[in-house]
Amino acid sequence: MPTSQDMTTEFDPGLLDALQHQVAVFARRAEQTRLGGTGQLRNSMDRAAYLLLNRLDQEGPMGVKALAAGMGIDSSTVTRQVAPLVDTGLVKRTSHPEDGRAVVLQLSPRGLARLEEVRSSRRQLMVEVTEGWTPDERESFCTLLTRFNTALSARQSAHAGGPVTESAATPAPAPAAPEGTGSTTGAPAEGPSESAQTS
């Protein structure tokens, strides 16, 4: 059975270095901006809050355990992350429709409005970032990014023995909303200072 080292040598080391560098740069850029979109600062949203609200919007009301399983995190983490969303009225706790003793989390009207506001801002950001791209380029990048995230998710799940994480469980955005740049070949696009920061 080939080892990880054997598999690595089958690929161009320079290309792999460029790829990992661009992924590191993307992670830093995403964290710095929270992919907050355009316009006012209020259009930004914490990553955990966005993923929680998006999951509840896509899947509907659910309990903490189901939400945690769908996002690939433990229940205590969901409980901690959802608390401020409940406090600010973006999420509400309601009784399960089939079991009044159980409590489910549900996106509130205020939460849906806030989520749509952030989504709209992020769509505009994607338009600006990918200005000059063709529709096919946007779709190809979205497809490859989804494939990349799914592979990372599967690897993490296999190593941790846990559920599939949010990146693979949530469908990719529409082709009109890719993120970042699509090039992984050649020298890294960022300068030396960025390389030092992300290494």
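Thresholds, definitions, all that
Residues numbered from 1 in each chain as written. Predicted model: local features only at pLDDT ≥ 70, side-chain atom pairs only at ≥ 80, totals over all residues. Heavy atoms only, no water. Axes fitted to C-alpha atoms, helices over the stretch in contact; angles between N-to-C directions. Helix = DSSP H or I, 4+ residues; strand = E, 2+ residues; numbered from the N terminus. Parallel < 35°, antiparallel > 145°, perpendicular 65-115°, else oblique. Contact = heavy atoms within 4.5 Å. Nonpolar A, V, L, I, M, F, W, Y, C, P; charged D, E, K, R; others polar. Buried < 20%, exposed > 50% of the residue type's maximum accessible area, 1.4 Å probe, protein only. Lys, Arg positive; Asp, Glu negative; His and termini not counted. Salt bridge = Lys/Arg side-chain N within 4 Å of Asp/Glu carboxyl O. Polar contact = N/O pair within 3.5 Å; in protein donor to acceptor, adjacent residues only side chain to side chain. Core = buried A, V, L, I, M, F, W, Y, C linked by side-chain atoms within 4.5 Å. Phe/Tyr/Trp six-rings, centres within 6.5 Å; stacked < 30°, edge-to-face > 60°. Lys NZ or Arg CZ within 6 Å of the ring centre and 35° of its normal. Expected span 1.5 Å × (residues − 1). Bend = angle between axes of the 7 residues up to and from the residue.

Asker: What is the right way to read the packing of helix α4 (residues 64-71) against helix α5 (residues 75-87) from this model?
Answerer: Working note: a packed helix pair is described by the angle between its axes plus the distance between those axes. At a closest axis distance of 8 Å, the pairing of α4 and α5 adopts a crossing angle of 105 degrees. Considering their axes alone, α4 and α5 lie roughly perpendicular with respect to each other. Across the interface between the two elements, Val64, Lys65, Leu67 and Ala68 of α4 pack against Ser75, Val78 and Thr79 of α5. A breakdown of the residues in the contact of α4 with α5 according to their chemical character gives 4 nonpolar, 2 polar and 1 charged.

Asker: I'm lost on the side chain of Arg138 in this one. Help?
Answerer: Relative to the helices and strands, Arg138 is located in helix α7 (residues 135-160). As a buried residue without a salt bridge, Arg138 has its nearest oppositely charged side chain in Glu137, at a separation of 7.5 Å. Side-chain polar atoms of Arg138 contact the side chain of Thr130, separated by 2.8 Å.

Asker: Can you walk me through the nonpolar core in this structure?
Answerer: If you look at soluble globular proteins, the nonpolar side chains tend to sit buried side by side. Counting residues in hydrophobic clusters, the biggest one holds 20 residues, and the most contacted among them are Leu53, Leu56, Leu67, Leu85 and Val91. When residues of this core are traced back to their parent elements, those giving at least two are α3 (47-59), α4, α5, β2 (103-107) and α6 (109-129). With 5 residues, α3 is the largest single contributor of residues to this core. Look past the residues within four positions of Leu67 in its chain and what remains in contact with it is Leu52, Arg55, Leu56, Met62, Val78 and Leu105.

Asker: I keep staring at the packing of aromatic side chains and nothing clicks. Help me out?
Answerer: Per the counting criterion, the structure on display carries 1 aromatic pair. For the ring pair Trp133 and Phe141, a centre distance of 5.6 Å and an interplane angle of 90 degrees mean the geometry is edge-to-face. The lysine or arginine in question, Arg122, covers the ring of Tyr50, its NZ or CZ lying 3.9 Å from the ring centre.

Asker: Would you take a moment to explain α5 for this structure?
Answerer: Quick reminder: α-helices carry 3.6 residues per turn. Residues three or four places apart thus point the same way. Look at α5: 18 Å from first C-alpha to last across 13 residues, which is about the 18 Å you get at 1.5 Å a residue. Considering bend angle alone, the principal kink of α5 is centred on Gln81 and spans about 25 degrees; proline Pro84 follows within four residues of it. Each element contacted by the buried residues of α5 is listed here: α3, α4, β1 (91-95) and β2. At the exit of α5 stands Gly89, carrying a positive phi of roughly 80 degrees.

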